[in-house]
Amino acid sequence: TRIAANALRARRRERRVVDRTVLLHEDLGVAPDDPEQVVVARVAIARVRAELATLRPVRAEAVLLHDVLGHDLAEVAVTTGVTIAAAQSRLVRGRRDLYRRLGRARAQRSP
């Protein structure tokens, strides 16, 4: 019950700051009238999703909960059933792995 109440409170706090009705192209900083930019942004998102899927599940979960969904470390720890230190460790290692994989993918595509 406490976890659900905390999640609801977090969403209420988030609504004061984040407008979920903003369109994808505005979130990504691309012009809606430039289809090329929109396609490039969507390809980048697909690449990040694919790389997240290859990470160790506990690390991917920490990155997703914190960086994508906006939960703080304490919420990530409670949600995943670990200590805050363990959640932070998973987050740091997950980010590092993700950045490394994205950099490797970029290097492989470059001529």
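Shown above is the structure to which this text applies.
Residues numbered from 1 in each chain as written. Predicted model: local features only at pLDDT ≥ 70, side-chain atom pairs only at ≥ 80, totals over all residues. Heavy atoms only, no water.

(A) Expanded view of a nonpolar patch on the surface. A contiguous nonpolar surface patch, about 240 Å² in accessible area, is contributed by L64, V68 and L69. By the secondary structure assignment, L64 is in helix α4 (residues 57-68). Its relative accessible area of 39% is what places L64 among the partly exposed residues. (Patch = residues over 30% accessible without salt bridge, like charges linked within 9 Å, V, L, I, M, F, W, Y side chains within 5 Å. Areas by Shrake-Rupley, 256 points an atom, 1.4 Å probe, with all protein chains shown as cover. Salt bridge = Lys/Arg side-chain N within 4 Å of Asp/Glu carboxyl O. Helix = DSSP H or I, 4+ residues; strand = E, 2+ residues; numbered from the N terminus. Buried < 20%, exposed > 50% of the residue type's maximum accessible area, 1.4 Å probe, protein only.)

(B) Expanded view of the packing of α4 against helix α5 (residues 73-80). Two numbers describe how α4 lies on α5: the axes approach to 9 Å, and their chain directions differ by 135°. Taken together, the axes of α4 and α5 are oblique relative to one another. In terms of crossing hand, the pair formed by α4 and α5 is right-handed. Contact with α4, carried on its side by E61, A62, L65 and H66, involves L73, V76, T79 and T80 of α5 and no other residues of that element. Looking at side-chain class alone, the contact of α4 with α5 contains 4 nonpolar, 3 polar and 1 charged residues. (Axes fitted to C-alpha atoms, helices over the stretch in contact; angles between N-to-C directions. Parallel < 35°, antiparallel > 145°, perpendicular 65-115°, else oblique. Left-handed = near helix turned anticlockwise from the far one by under 90°. Contact = heavy atoms within 4.5 Å. Nonpolar A, V, L, I, M, F, W, Y, C, P; charged D, E, K, R; others polar.)

(C) Geometry of the environment of A87. Within the fold, A87 resides in helix α6 (residues 84-109). Between the C-alpha atoms of A87 and E75, which are 12 residues apart in sequence, the distance is 9.3 Å. For A87, the contacting residues outside a window of four places in its chain are A62, L73, V76, A77 and V82.

(D) A look at the side chain of D97. Mapped onto the elements, D97 comes out in helix α6. Exposure remark for D97: the relative accessible area of 11% places this residue in the buried category. Excluding residues within four positions of it along the chain, D97 makes contact with L55 and R59.

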